[in-house]
Structures are given as structure tokens and as C-alpha cells.
There are 2 protein chains.
Amino acid sequence: PPGRKVLIVYAHQEPKSLNGSLKRVAVEELSKQGCSVTVSDLYAMHFEPRATRNDIVDCLHNSDEFNYGVETWEAYKRGCLSNDLIEEQKKVQEADLLIFQFPLYWFSMPAIMKGWMDRVLLQGFAHEFPNCYDSGLLKNKLALFSFTTGGSKEMYAKGGINGDIRCLLWPMQHGIMHFCGVKVLAPHICFAPEYVSEEKRKEMLIAWAQRLKTLWKEEPINCSPEWYFK
Amino acid sequence: PPGRKVLIVYAHQEPKSLNGSLKRVAVEELSKQGCSVTVSDLYAMHFEPRATRNDIVDCLHNSDEFNYGVETWEAYKRGCLSNDLIEEQKKVQEADLLIFQFPLYWFSMPAIMKGWMDRVLLQGFAHEFPNCYDSGLLKNKLALFSFTTGGSKEMYAKGGINGDIRCLLWPMQHGIMHFCGVKVLAPHICFAPEYVSEEKRKEMLIAWAQRLKTLWKEEPINCSPEWYFK
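As annotated in an unreviewed UniProt entry, chain A is Ribosyldihydronicotinamide dehydrogenase [quinone] from Chauna torquata. Looking at the Subunit (unreviewed entry) heading of the UniProt record, one finds this comment for chain A: "Homodimer."

This is the structure in C-alpha cells:
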């Protein structure tokens, strides 16, 4: 709806890929709805995935023994995080909905996107004990994981060789998003686009556009072990 | 035992950290046993976590539409992967045991280590359909995930706020190692070292050294859904 803000965190090297098309479809459809859409195109930004001392621009709290979690927490409070992190945190802060668009790498997100999670969702900004899970600091936001797989739907079924795909969503949806207080919409999964026809891939794009039309009416999943491991 | 080769893939920024000490303890104990031990110290190496076109040193198979999986598979066969990947693959190839030593970041490994998985364990080298899982190309090797957590053992118990810690091991142990044919030893977990006494942390180091003394007699876990989600 008009006025809603969406951040798409996108990790694919190739604009012509299905992931690239899915990202474009989302920008188009959500813009058409009157949403304001921002894209963090991680490869194009050469986004830094490594959590290092460079993320703190001034002196360290304890330079004798570097502790990334403590140092970034302290730097956040002093306003001394590196600019790329401040920029990403601003985008997250403003967003009502976060869409993560990526190809599944090793039952998880590509390292460049994991680095975005590691470096952006810092203590003080996204959580601050005991403000985690339902009282996480990013509550009142929504997240949606939209990704492509190499394996087929059958391989990712319960009893299939890769096991139920929901099992691998636990660390991303519960361990990251829910931990920060973000409510999680059902994932959007395109199975094995490399092994289907061009026509099937077009149907995948249409299905995504269709889903986005009524996305704001969706209820979040019940992000508890039962959803993942039943 | 004499002659066995071990690769420790290590991801911590601070040598004085508990992770740094756990790594040193492993090098010492395994060397004492006569093993030959190699360490990939990812932060010290400034290891590149991003999967990009730079990983292929010559022309692309299809420069019109970049596909990382296809391009690195082809480049592997031509011997045209970047040097840092060839080096890491050599270390893996020679190793009987892979130890991953890291602090848990967001229910998973730090991005720099995820990048090692994404870029080193390529098709052609670590798996090549249908050679995956029990017939993966790295069969006859062992892997062990050794990590520290922020949360306590109680928080990572079944019914605890973070859920059973075994659930988050599924993508790493099954989705990566088992997929490549590697047999998985039980994980070694040091819970919440930042919140315990110096004496407790010393006990953690002693316990790790003790375990390593009889490590080669251990049986791998049964890496199936029952182990993770029972």
C-alpha cells in the first residue's frame, strides 16, 4: 500500500539470472502499489562480508583483546561504526518489510549475505539482551526469504535426500529474523530453475508477482519449532 | 596417530580469544600425536568470502550470463580456478580430518567461513552429481565442528529459547559435509565462554585436549534427520 517501505537485500552476481528477474519483478510490483522500494545489491556494492576491526572507525573499547560483538556494540552507541554499516542500518530502520533474494548456497544464504547479517544486525541496533525474539529491537517489521535452489522439490521433501526444506530455514528465519523481533512471512521458493524450461521460469516470475499483490494481507508464520520440524 | 593429516579451518579475529586458544590446543595435541597439522587462519589470510567472476582466471564458459556454479565447475576441470582456491582444495584433498573452529554467528558460521565453503567445496572437486552424500567426492574424510556460543546450554536445550542446538547443525553438518561424503564427528561446543570464569574457560581447553587424545577412536554420528530433530 502507498507509503510502505521495502528493503530488498539481493545477492546474485548476474542481472540476467532468475534471481535478478525476481528482484526486478518485486521492485516493479511493489512500486506499482505505491511502496517505496530500496535495493541493496550486495555484489554490485562489493559489500564486505568479513567482520573485522575496520567496522569500528575510532579507538577500540579494549584494544588488548578484540571482541567483535562488544566492540561493535560500543561503537554503535558512540556512532562510530563504519559508513557502510550505518547506511544499511538506516535502510533497515526505515523498512516495513525486508525481502532477502538469493540463490541457496549450501543449505543457507551466500556468504556475502551472511556477512550482511553478521555486520548489520548488531547488538544495540537489532537486539540488546533481554530485547530479543518477541521483544527484539526490529519488532513491527516483516521479513521474507525468497530464494532459488539447485535441488528439486522432491529432493527437499520430508524423507527426500536433502530433508524437508523447512529444516534449513530455522537458522535464517528463527535464529536471525525472529531473534531481532522481525515477523516472518512464508518463504518464496523457486525450485531448480536451472533444470526447467524457459516457460516454467516465466511462470515462476508471474507467480511471484501474483503473490506480491496480496502480500500485505498475509499473516506471518508461527515461527516456533513446530513449523520447522513437525 | 603418526601420519594422519589434519586441516583446521579457523575463523576468529583475535589470537587471545578462546577460539584462538582452542585452535592452539588442537595444533599442539594433534602434533604431539604425530599428526601433520595445517591451519587456514581465514581472517589472517584476508580470505575472500565473495563468490565472484574473479574465481575463474581465464575466459568464461558463458560470458553472456554468469553462473557461478557452472563457471567454477568448468574452471576446476580446466585447472583455471584462482590460486587461493587451488591452495585450499589441496589442503582439503590431503586432509584426513577437517576441524572447523569458530564462534557461532547467527546460528551458523561467520560469513568468512561460509565463504570458504561456498568457494572451496566446488562441484567437480567436492561433489559431482550423482556423487553426493555417501558417494560424495570427499568420502573417507572426517569433519568436526568446534565452536563457541553466546547463549548458554540451557538456552540451546530442547524447549529452550533458541531451541535444541542440534537443529542449527543440520545445514552445516548434513547440508555441507555429509553432502560432500565427509563423515561427521560429534560437534565440540563451548557454551557462553564470555560469561564464565577464567577457571571455567581453562577447563574448556583441558576438555578439548582430552577429547582430542581419543578422537581417532570415535565413531561418526549417524548424520540423518533423527540425530538432529528427534
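*Asks:* Lay out the overall build of chain A with the relevant residues and their values.
*Replies:* Broken down by element type, chain A carries 7 helices and 6 strands. Secondary structure elements of chain A, listed N to C terminal, follow the sequence β-α-β-α-α-β-α-β-α-β-β-α-α. Here the C-alpha radius of gyration of chain A, 18 Å, is about what a compact globule of 230 residues would show, namely 17 Å. Counting over 230 residues, chain A shows a buried share of 58%. Partitioning the contacts of chain A with sequence separation of at least 6, the portion at a separation of at least 24 is 76%. Here chain A has roughly 9600 Å² of accessible surface; of this, 53% comes from carbon and sulfur atoms.

*Asks:* For the packing of helix 5 (residues 165-177) of chain A against helix 5 (residues 165-177) of chain B, give the residues involved together with the corresponding values.
*Replies:* Close contact between helix 5 of chain A and helix 5 of chain B brings their axes to 9 Å; oriented N to C, the two are set at 110°. Relative to helix 5 of chain B, the element helix 5 of chain A is oriented roughly perpendicular. For the pair formed by helix 5 of chain A and helix 5 of chain B, the contact residues are C167, L168, W170 and P171 of chain A on the first element and C167, L168, W170 and P171 of chain B on the second. Of the residues in the contact of helix 5 of chain A with helix 5 of chain B, the class split is 8 nonpolar, no polar and no charged.

*Asks:* Just give me the short version of the nonpolar core, but keep the residues and values in it.
*Replies:* Formed by 118 residues in total, the largest nonpolar core has its most connected members in L121 of chain A together with L121 of chain B. Ignoring anything within four residues of it in the chain, the contact list for L121 of chain A reads W116, A126, H127, L138, I176, M177 and C180 of chain A together with W106 of chain B.

*Asks:* Go over the relation of the copies chain B and chain A, please, and point to the residues and values.
*Replies:* Copy one and copy two of the chain differ by a rotation about an axis and a translation along that axis. You can overlay chain B on chain A at an RMSD of 0.0 Å; the transform is a turn of 180° with a shift of 0.0 Å along its axis. Both copies are brought into coincidence by an operation consistent with a two-fold rotation axis. For chain B, the smallest separation between a C-alpha atom and the rotation axis is recorded for A111 of chain B, amounting to 2.5 Å. Take the interface residues of chain B: 100% of them recur as interface residues in chain A, which is what a same-surface contact looks like.

*Asks:* An account of the pairing of strand 2 (residues 36-41) of chain A is needed here, citing residue identities and associated values.
*Replies:* On a regular strand, each side chain points to the face opposite its neighbour's, so the side chains alternate between the two faces of the sheet. For strand 1 (residues 5-10) of chain A and strand 2 of chain A, the ladder comprises 6 bridges, and the chain directions are parallel. Paired with V9 of chain A across the two strands is S40 of chain A, which belongs to strand 2 of chain A.

*Asks:* How would you summarise the UniProt feature "domain: Flavodoxin-like fold" (unreviewed entry) in chain A if you had to cite specific residues and measurements?
*Replies:* Here, the residues flagged by UniProt with the feature "domain: Flavodoxin-like fold" (unreviewed entry) are residues 5-212 of chain A. Its end C-alpha atoms 14 Å apart, residues 5-212 of chain A is made of 37% helix and 15% strand.

*Asks:* Can you break down the pattern of salt bridges residue by residue, with the values?
*Replies:* Taken as a whole, this structure holds 28 salt bridges over all chains when the rule is applied. A salt bridge links K16 of chain A to D64 of chain B; the nearest nitrogen and oxygen atoms lie 2.8 Å apart. Of the two residues, K16 of chain A is situated in the loop between strand 1 and helix 1 (18-32) and D64 of chain B in the loop between strand 2 (36-41) and helix 2 (68-78); the pairing between them involves two chains. The partly exposed category is assigned to K16 of chain A, whose relative accessible area is 46%. Of the charged contacts in the structure, one is a salt bridge between E29 of chain B and K213 of chain B, with a shortest N-O distance of 3.2 Å. Residue E29 of chain B is located in helix 1 (residues 18-32), and its partner K213 of chain B is located in helix 6 (residues 198-213); the two are separated by 184 residues in the primary sequence. Overall, the relative accessible area of 7% leaves E29 of chain B in the buried class. Members of the salt-bridge network, linked through shared partners, are E29, K32 and K213 of chain A.

*Asks:* Just give me the short version of the interface of chain B and chain A, but keep the residues and values in it.
*Replies:* Taken together, the contact between chain B and chain A spans 50 residues of the former and 50 residues of the latter. Buried area between chain B and chain A, both sides added, is near 4000 Å², and the carbon and sulfur share of it is 62%. Its largest share of buried area at the contact with chain A, chain B owes to R50, W106 and F107 of chain B, together 20% of the area lost on that side. Where chain B meets chain A, there are 22 residue pairs in polar contact (both at pLDDT 80 or more). Of all elements in the fold, only helix 2, helix 4 (111-120) and helix 5 of chain B reach the threshold of two or more residues within the side of chain B that touches chain A. The element that contributes the greatest number of residues to the side of chain B that touches chain A is helix 5 of chain B, accounting for 7 residues. Tallied by class, the residues present in the side of chain B that touches chain A amount to 28 nonpolar, 13 polar and 9 charged.

*Asks:* A description of unusual backbone geometry should follow, citing residues and the corresponding values.
*Replies:* Cis rather than trans, the peptide bond between F129 of chain A and P130 of chain A has omega equal to 5°. Its place among the elements puts P130 of chain A in the loop between helix 4 (111-120) and strand 4 (142-148). The backbone of A192 of chain A sits at a positive phi, close to 50°, despite the residue not being glycine. By the secondary structure assignment, A192 of chain A is in the loop between strand 6 (188-190) and helix 6 (198-213). At F107 of chain B, a position not held by glycine, the phi torsion is positive, near 60°. Among the structural elements, F107 of chain B can be located in the loop between strand 3 (97-103) and helix 4. Owing to a relative accessible area of 4%, F107 of chain B belongs among the buried residues under this scheme.

*Asks:* So what's going on with helix 1 of chain A? Which residues, and what values?
*Replies:* Residues and elements named next belong to chain A. For helix 1, spanning 15 residues, the distance from its first C-alpha to its last is 21 Å, which sits close to the expected 21 Å at 1.5 Å a residue. Among all positions of helix 1, only L18, N19, G20, S21, L22, K23, V25, A26, E29 and L30 are buried. Looking at the buried side of helix 1, the elements it contacts are strand 1, strand 2, strand 3 (97-103), strand 4, strand 6 and helix 6.

*Asks:* Which residues make up the side chain of H174 of chain A, and what values do they have?
*Replies:* As for its placement among the helices and strands, H174 of chain A is situated in helix 5. Engagement of the side chain of H174 of chain A in a polar contact is seen with the side chain of Y133 of chain A, the distance being 3.4 Å. When residues no more than four places from it in sequence are discounted, the contact partners of H174 of chain A are Y133, L169, F179, C223 and Y228 of chain A together with F107, I161 and N162 of chain B.

*Asks:* Tell me about the side chain of Q33 of chain A, residues and numbers included.
*Replies:* All names here are of chain A. Tracing the backbone through its elements, the reader meets Q33 in the loop between helix 1 and strand 2. Given a relative accessible area of 16%, Q33 falls into the buried group. Looking at Q33, its side chain comes within polar contact range of the main-chain oxygen of L212, at 2.9 Å.

Parameters and conventions
- Residues numbered from 1 in each chain as written.
- Chains lettered and ligands numbered in written order.
- Predicted model: local features only at pLDDT ≥ 70, side-chain atom pairs only at ≥ 80, totals over all residues.
- Heavy atoms only, no water.
- UniProt positions renumbered as here; feature names shortened; annotations may be inferred.
- Helix = DSSP H or I, 4+ residues; strand = E, 2+ residues; numbered from the N terminus.
- Rg over C-alpha atoms; globule rule 2.2 N^0.38 Å.
- Buried < 20%, exposed > 50% of the residue type's maximum accessible area, 1.4 Å probe, protein only.
- Contact = heavy atoms within 4.5 Å.
- Areas by Shrake-Rupley, 256 points an atom, 1.4 Å probe, with all protein chains shown as cover.
- Axes fitted to C-alpha atoms, helices over the stretch in contact; angles between N-to-C directions.
- Parallel < 35°, antiparallel > 145°, perpendicular 65-115°, else oblique.
- Nonpolar A, V, L, I, M, F, W, Y, C, P; charged D, E, K, R; others polar.
- Core = buried A, V, L, I, M, F, W, Y, C linked by side-chain atoms within 4.5 Å.
- Least-squares fit on C-alpha atoms with pLDDT ≥ 70 in both.
- Pairing = 2+ DSSP bridges.
- Salt bridge = Lys/Arg side-chain N within 4 Å of Asp/Glu carboxyl O.
- Buried area = accessible area lost by both parts, 1.4 Å probe.
- Polar contact = N/O pair within 3.5 Å; in protein donor to acceptor, adjacent residues only side chain to side chain.
- Expected span 1.5 Å × (residues − 1).

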